[in-house]
Amino acid sequence: MNAHHGIKKSSEKNIRIIPRLDIKGPNVVKGINLEGLRVVGNPIDLAYKYYKAGADEILYLDIVASLYQRNFDFDLLKTVSKKIFVPKTVGGGIRSINDINNALRAGADKIAINTYAVHNPEFIAEAVHKFGTQCIALSVEAKKINGGRWETYTDGGREKTDIDSIEWIKKAISLGVGEIIITSIDNEGARRGFDLELTSKVIAISPVPVIVCGGAGSLDSVKKMVETCHPEAISAASVFHYRDYSIGDLKRYLKQNGYNVRL
Amino acid sequence: MKKSGTKIVIVDYGVGNLFSLSNAAGLFTKDLVISEDADTIKNAHAIILPGVGAFKAGMEGLKIRNLIGTIKAFAKTGKPILGICLGAQLMLTKGYEFGEFEGLDIIAGKVIPFPKFKNADKIPHIGWNKIFPFNKGRWNDTIMRSTSVNTYVYFVHSYIIETKNNDNVLALTKYGDMNFTSVIKKGNIYGCQFHPEKSGPDGLTIIDEFIKFVKING
């Protein structure tokens, strides 16, 4: 365990393990590279299953709300929230203070914003002033381009923006965002490991916690990312949905390898 | 004889995660209502002040509903109060989030940002962390009595409570290079910096204890 390369380890940092539910209509779906979506279950059962299995939080993202300018299904979120007593970060098509209020009233604890913030960055500052920094997370979908750079996508990985992901994250942090959810579109859903270059870059520039998303594969691939990047939280979907291993398996594996998790 | 009024009122002042909280408290009592009405709050046997939001927005939410006086008066009756996260912070004298603002001044002290840490711990403090008593025995006969030392609970905050008197500190939590106050108490008034309604079964235990406490003291 000497792979820390001078990165300061935090005192008792507990790495959060966060199952991600991509919601489309009434279903949890999963794709590869945010495409080819396949129904994997219903959100009520899956969220409860992951809560019982020791999830530290749940990431709940309506991945088509933004694309089709649809309103978020707050009633579904309410039903999902009924029996879940861990925090939920909720996103997908959030574009007003009213949306945030409705989400908090339907069981959300933190709000993830992506598309609307990309087009209206000042919305971040507005939301932060109302709900506090800790309530507003920036979700970034990043696709690798030439020259060690990443381009920001919106609308569930559908729309290019020409915006450099690292620059965008820096700007959002200056506007007060309290957490970063970084998804590598290239690695997402492929279960071959995370984009370590992207992840370490984001973590290096971020004074706020980072949730790393997109690519969790073998237990070893997750450990490798933790060793290299020291994230505050890891989010995964396919490996849990397809039962490659459980949340408990992953937590025990990290613990055996010297990392703090809540067991 | 049954007392009049709803037993427990969750105060709706516009910035709370109301649904999560009423869900959690609803596991232990049916006599529960969410309200922004001054009379309903005044006649309650206990109130819960929830909280997700900034200090200023929270105080403004109370102000526009004319609830500042109502809650201060409620606190003076000795009936139980549970403040959660921002709801706990608002009970202090002053808050320093986006400026300097008057709080409810129910417990003497202030709400200040975390200092910059020497280690890699980041701010906001988001995630599961341990709570332990300020000193041995301090949790006896409180809503923490069924909670084990070093239980993990869920935090999400950038600001911390600093009470004027250590007597008001019930629990501490270690983060960065400091121990900060994670539960406060003054008489029958409690405040948690963490979210018991989001801390799994261990958090629910604390809510259950508060409701049992209300049944005796409310």
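Residues numbered from 1 in each chain as written. Chains lettered and ligands numbered in written order. Predicted model: local features only at pLDDT ≥ 70, side-chain atom pairs only at ≥ 80, totals over all residues.

## Comments concerning the overall build of chain A
Next, step 1: Scanning chain A for helices and strands turns up 10 helices and 12 strands.
Next, step 2: Against the 2.2 N^0.38 benchmark of 18 Å for 263 residues, chain A shows a C-alpha radius of gyration of 17 Å, consistent with a compact globule.
Next, step 3: Referenced to the eigenvectors of the C-alpha coordinate spread, the extents of chain A come out at roughly 50 × 40 × 35 Å.
Next, step 4: Across the 263 residues of chain A, 53% fall into the buried class.
Next, step 5: Here the analysis covers contacts within chain A between residues at least 6 apart in sequence; of these, 66% occur between residues at least 24 apart. (Helix = DSSP H or I, 4+ residues; strand = E, 2+ residues; numbered from the N terminus. Rg over C-alpha atoms; globule rule 2.2 N^0.38 Å. Buried ≥ 20, exposed ≤ 12 C-beta atoms within 10 Å, placed from the backbone. Contact = placed C-beta atoms within 7 Å.)

## Some points on the overall build of chain B
Next, step 1: The number of helices and strands found in chain B is six helices and 13 strands.
Next, step 2: The C-alpha atoms of chain B give 16 Å as radius of gyration, which agrees with the globular expectation for 218 residues (17 Å, within 12%).
Next, step 3: Along the longest, intermediate and shortest principal axes, the C-alpha atoms of chain B span 55 × 35 × 30 Å.
Next, step 4: Across the 218 residues that make up chain B, the buried fraction comes to 52%.
Next, step 5: If you take every contact in chain B between residues at least 6 apart in sequence, the share linking residues at least 24 apart comes to 70%.

## A word on the packing of helix 7 (residues 196-205) of chain A against helix 8 (residues 219-229) of chain A
Residue and element names in this part refer to chain A.
Next, step 1: Between helix 7 and helix 8, the least distance of the axes is 10 Å, while the angle of their chain directions is 35°. Handedness of the helix 7/helix 8 crossing: right-handed. Touching Leu196, Thr199, Ser200 and Ile203 of helix 7 are Met225, Thr228 and Cys229, all from helix 8.
Next, step 2: In the contact of helix 7 with helix 8, the residues fall into four nonpolar, three polar and no charged. (Axes fitted to C-alpha atoms, helices over the stretch in contact; angles between N-to-C directions. Left-handed = near helix turned anticlockwise from the far one by under 90°. Nonpolar A, V, L, I, M, F, W, Y, C, P; charged D, E, K, R; others polar.)

## Things to note about the interface of chain B and chain A
Next, step 1: Residue-level contacts link 33 residues of chain B with 35 residues of chain A.
Next, step 2: Of all the elements in the fold, those that place two or more residues in the side of chain B that touches chain A are helix 1 (18-25), strand 8 (125-133), strand 9 (151-157) and helix 6 (200-217) of chain B.
Next, step 3: Ranked by the residues each element gives to the side of chain B that touches chain A, the list is headed by helix 1 of chain B, at five residues.
Next, step 4: Here the residues of the side of chain B that touches chain A are counted per class, giving 16 nonpolar, 12 polar and five charged.

## Comments concerning the pairing of strand 7 (residues 109-113) of chain B
All names here are of chain B.
Next, step 1: Note: strand 5 (residues 94-95) against strand 7, two bridges, orientation parallel. Its bridge partner being in strand 7, Lys94 is matched across the sheet by Lys110.
Next, step 2: Note that strand 7 and strand 10 (residues 159-163) share five bridges and pair antiparallel. For Gly109, the partnering residue across the bridge sits in strand 10 and is Thr163. (Pairing = 2+ DSSP bridges.)

## What to know about helix 10 (residues 247-256) of chain A
Residues and elements named next belong to chain A.
Next, step 1: Listing the buried residues of helix 10 in full gives Ile247, Leu250, Lys251 and Leu254. Each buried residue of helix 10 sits inside an arc of 95° when the element is viewed along its axis, so together they form one side.
Next, step 2: The inward-facing, buried residues of helix 10 abut strand 1 (16-24), helix 1 (43-52), helix 8 and helix 9 (238-241). (Arc of directions from axis to C-beta.)

## So, the nonpolar core
Next, step 1: Ranked by size, the top nonpolar core spans 151 residues in total, and within it Ile111 and Ile180 of chain A carry the most contacts.
Next, step 2: Setting aside its immediate chain neighbours within four residues, Ile180 of chain A contacts Ala137, Leu138, Val140, Ile169, Val202, Ser206, Val208, Val210 and Ile211 of chain A. (Core = buried A, V, L, I, M, F, W, Y, C linked by C-beta atoms within 7 Å.)

## Some thoughts on the environment of Gly217 of chain A
All names here are of chain A.
Next, step 1: Along the chain, Gly217 turns up in the loop between strand 11 (210-213) and helix 8.
Next, step 2: Spatially, the C-alpha atom of Gly217 lies 9.7 Å from that of Asn187, the residues being 30 residues apart in sequence.
Next, step 3: When sequence neighbours within four positions are dropped, the list of residues in contact with Gly217 reads Arg191, Arg192, Gly193 and Val239.

## A word on unusual backbone geometry
Next, step 1: The residue after Ile123 of chain B, namely Pro124 of chain B, is reached through a cis peptide bond having omega 5°.
Next, step 2: Inspection of the secondary structure puts Pro124 of chain B in the loop between strand 7 and strand 8.
Next, step 3: Of note in this structure, His230 of chain A is not a glycine but carries a positive phi near 50°.
Next, step 4: Take His230 of chain A: it is sitting in the loop between helix 8 and strand 12 (233-236).
Next, step 5: In the Ramachandran plot, Cys85 of chain B falls in the positive-phi region, its phi being about 55° despite a non-glycine side chain.
Next, step 6: Looking at where Cys85 of chain B falls in the secondary structure, it is placed in the loop between strand 4 (81-84) and helix 5 (86-89).
Next, step 7: C-beta crowding within 10 Å serves as the criterion here: with 31 such atoms nearby, Cys85 of chain B is assigned to the buried category.

## As for helix 1 of chain A
Residues and elements named next belong to chain A.
Next, step 1: Buried residues of helix 1: Pro43, Leu46, Ala47 and Tyr50, and no others. Down the axis of helix 1, the sector holding all buried residues measures 95°, keeping them to one side. Exposed residues pointing more than 90 degrees away from the buried face of helix 1 are listed as Asp45 and Lys52.
Next, step 2: With its phi angle positive at about 100°, Gly54 sits one or two positions after the end of helix 1.

## Considerations on the environment of Phe194 of chain B
Residues and elements named next belong to chain B.
Next, step 1: Structurally, Phe194 is set in the loop between strand 13 (189-192) and helix 6.
Next, step 2: By the C-beta count within 10 Å, which is 26 here, Phe194 ends up buried.
Next, step 3: Taking the C-alpha atoms as reference, Phe194 lies 7.0 Å from Val156; in sequence the two are 38 residues apart.
Next, step 4: Excluding anything up to four places from it in sequence, Phe194 contacts Val153, Tyr154, Phe155, Ser182 and Ser199.

## Considerations on the confidence of the model for chain B
Next, step 1: Taken as a whole, chain B shows an average pLDDT of 93; of its residues, 97% reach a score of 70 or greater.
Next, step 2: Scored as a complex, the prediction yields pTM 0.91 and ipTM 0.87. (pLDDT = per-residue confidence, 0-100.)

## Structural notes on the confidence of the model for chain A
Next, step 1: In the predicted model, chain A carries a mean pLDDT of 91, and the fraction of residues at 70 or more is 95%.
Next, step 2: Scored below 50 in pLDDT, residues 1-11 of chain A makes 14 contacts in the model with residues more than four places away or belonging to other chains.

## Digging into the environment of Ala142 of chain A
Residue and element names in this part refer to chain A.
Next, step 1: Structurally, Ala142 can be placed in strand 7 (residues 136-145).
Next, step 2: By the C-beta count within 10 Å, which is 29 here, Ala142 ends up buried.
Next, step 3: Along the backbone, Ala142 and Glu197 are 55 residues apart, and their C-alpha atoms lie at a distance of 12 Å.
Next, step 4: Setting aside its immediate chain neighbours within four residues, Ala142 contacts Trp150, Thr152, Ser165, Ile182, Thr183, Ser184, Ile185 and Leu198.

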